[in-house]
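Breakdown of the fold
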Amino acid sequence: MHSRLEQLAFRVQEIDALLAEPEIGQDMKRYTALSRERAELEPVAAAFNAFVRAQTDLEQAKALLDDPEMREMAADELQQCRLKIEQLEADLQVLLLPKDPDDSRSVFLEIRAGTGGDESALFCGDLLRMYSRFAEQKGWRTELMSESPAELGGYKEVIVRIDGDGVYGQLKFESGAHRVQRVPETESQGRIHTSACTVAVMPEADAQTEINISPSDLRIDTFRASGAGGQHVNKTDSAVRITHLPSGIVVECQDDRSQHRNKDKAMQVLAARLKDRQLTEQQSKQAAQRKSLVGSGDRSERIRTYNFPQGRMTDHRINLTLYKLQNIMEGDLNELTAALIAEHQANELAALADAT
């Protein structure tokens, strides 16, 4: 591992030298690729350099133990160095874990109302607001791709694209069934109702290189958009429904007044769903070999409960309960996502340990 880390640290120096060359600055494609590679390697190189410095400090402290006047100070320094080295070794293990190539991608976030009728649709709207607020705090951009509003508010189904750096890496553990327990506004007896929504987080696919969609595999239908829109709704077949015949996946988009833009959005969502299906199949094969508590890819799995009367959120995969539900519904997801990522990393480290 030490030699590999040395190579990575040297590679950062090599990239710095390349980026300083004038001809590289004129080639934006190569400049961008090198900059991205450096951004990925820099945390590892920085941790390794800190590790090397800590080892040097450790050896210097050991040498001072023979000096009676410096022994006590050297012993304290020795203890601090050992603790620092132990922490840096743990950090480097995590940094060297295989990277998910999709972590840096933007995503399509799909939320569907499930059991619970109108209350489920309202909660679907609440979840959309929660994720939108979280995206806003992160500086990510959101774009509505498709929506099916419910009569009393909320959505039967809604799809948004969240664009930014590292979106999938932060949100990929949100896929699954989200359960809510609360008293609906229409409930006169004050009884708590339970309903659920299903969330799917799909990394954006590069349709040019990753997903091969043959035009002959598609059935494309156009129809008149329903809902608000005035005279435009009654006169223009702007809504688009695309059916991928081999998989049976159906995507509808009708939110834009342009048929062309609706078709483009639908194709983006279709590519993401096909990529998501591939990922789910891969995860299922991995899960057959070893059970992972986080990110199993099973959309029917109940992953989280939002209990409004008690003001708590519980993530059932990692047994985490937070009593700050109001803040969470306002988009404060940092503590939750950090805990899920840490659990996933612990599972990966355990799997590597078992393999060796």
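Numbering of residues starts from 1 in every chain and runs along the sequence as written. Local features in this predicted model are restricted to residues of pLDDT 70 or higher, and side-chain atom pairs are both shown and tallied only at a pLDDT of 80 or more, whereas totals for entire chains, interfaces and linings draw on every residue. Working from all heavy atoms in the structure, the side-chain values ignore hydrogens and water.

Another point: the overall build of the protein chain. To qualify as a helix, a DSSP run of H or I must reach at least 4 residues; to qualify as a strand, a run of E must reach at least 2; elements of each kind are numbered from the N terminus. The number of helices and strands found in the protein chain is ten helices and eleven strands. Relative to its full complement of 356 residues, the protein chain shows a buried share of 40%. Note on contacts: a residue pair qualifies if any of its non-hydrogen atoms lie within 4.5 Å across the two residues. Considering only intrachain contacts with a sequence separation of at least 6, the fraction spanning at least 24 residues in the protein chain is 61%. Here the open area of atoms and residues is found with the Shrake-Rupley method and a 1.4 Å probe, where only the protein chains shown may cover a residue. Accessible surface, the protein chain as shown: approximately 19900 Å² in total, 47% of it carbon and sulfur. Type-normalised accessible area, obtained with a 1.4 Å probe on protein chains alone, sets the label of each residue: buried when under 20%, exposed when over 50%, and partly exposed for intermediate values.

Let us now look at the sheet that holds strand β1 (residues 107–113). When DSSP finds two or more bridges between a pair of strands, those strands are recorded as paired. Reading across the sheet, the eight strands line up as β2-β3-β1-β5-β4-β9-β10-β11 and stay open at both edges, with mixed pairing between neighbours. Every other strand in the sheet has two partners, leaving β2 (141–149) and β11 (320–322) as the edge strands with one partner each. Pairs of neighbouring strands in the sheet enclose a mean axial angle of 15°, with direction left out of account. In this structure, strand β4 (residues 176–182) lies alongside strand β5 (residues 193–203), joined through seven bridges in antiparallel fashion. If you follow R182 over to β5, its bridge partner there is H193. Fitting a line to C-alpha atoms yields each axis, with helices limited to the stretch in contact; the angle taken between N-to-C directions then spans 0 to 180 degrees.

Here we take up the environment of H193. Within the element layout of this structure, H193 appears in strand β5. When the C-alpha positions of H193 and S120 are compared, they lie 10.0 Å apart, and in sequence the two are 73 residues distant. Sequence-distant contacts of H193, defined by excluding residues within four places in its chain, comprise V180, Q181, R182, P184 and E187.

Moving on to the pairing of strand β10 (residues 312–315). For a regular strand, side-chain orientation follows a simple rule: the groups alternate between the two sheet faces. Neither face of β10 is exposed, since R312 and T314 on one face and M313 and D315 on the opposite face are all buried. In this structure, strand β9 (residues 302–307) lies alongside β10, joined through four bridges in antiparallel fashion. Across the sheet, R304 pairs through a bridge with D315, a residue of β10. In the sheet, β10 pairs with β11 via three bridges, with the strands oriented antiparallel. For D315, the partnering residue across the bridge sits in β11 and is L320. Linking β10 to β11, which pair antiparallel, is a turn of four residues; within it N319 sits at a positive phi near 50°.

Counting 36 residues, the largest nonpolar core has I111, L127, Y131, I162, L171 and Y306 as the members making the most contacts within it. Elements represented by at least two residues in this core include exactly β1, α5 (117–138), β3 (155–163), α6 (167–171), β5, β11, α9 (325–329) and α10 (334–355). For this core, the element with the highest residue contribution is α5, accounting for eight residues. Residue contacts for Y131: discarding those within four places in its chain leaves L109, I111, L171, E174, H178, V199, R304 and L333. By convention a nonpolar core is built from buried Ala, Val, Leu, Ile, Met, Phe, Trp, Tyr and Cys residues, the set being connected through side-chain atoms within 4.5 Å. Among the nonpolar cores identified, the runner-up in size contains 24 residues, and I15, L18, A45 and A50 belong to it.

A carboxyl oxygen of Asp or Glu within 4 Å of a side-chain nitrogen of Lys or Arg is what we treat as a salt bridge. All chains considered together, the criterion is met by 27 salt bridges. The partner of R317 in a salt bridge is D315, with the nearest N and O atoms 2.8 Å apart. Each member of the pair, R317 as well as D315, carries the same accessibility label: buried. Residues participating in the shared-partner salt-bridge network are E110, R112, E157 and R273.

Only rings of Phe, Tyr and Trp enter the pairing, Trp through its six-membered ring, and a pair is recorded when the two centres are within 6.5 Å. The plane angle decides the type: under 30 degrees is stacked, over 60 is edge-to-face, the rest tilted. Counted under the stated rule, the structure contains two aromatic pairs. Ring centres of F123 and Y306 lie 5.3 Å apart, and the angle between their planes is 65°; on these two criteria the pair is classed as edge-to-face. One end of the pair, F123, is in helix α5; the other, Y306, is in strand β9, and 183 residues separate them in sequence. Across the pair, Y306 and F123 agree in class, each one buried. Judged by centre distance (5.7 Å) and plane angle (90°), the ring pair of F134 and W140 falls under edge-to-face. The buried category is assigned to F134, whose relative accessible area is 1%. The exposure class assigned to W140 is buried, which follows from its relative accessible area of 11%. Above the face of the F308 ring, R182 is positioned so that its terminal group lies 4.9 Å from the ring centre. Taking the ring centre of F223 as reference, the NZ or CZ of R241 above it sits at 4.5 Å. Both a distance and an angle decide whether a charge sits over a ring: NZ of Lys or CZ of Arg must be within 6 Å of the ring centre and within 35 degrees of the ring normal.

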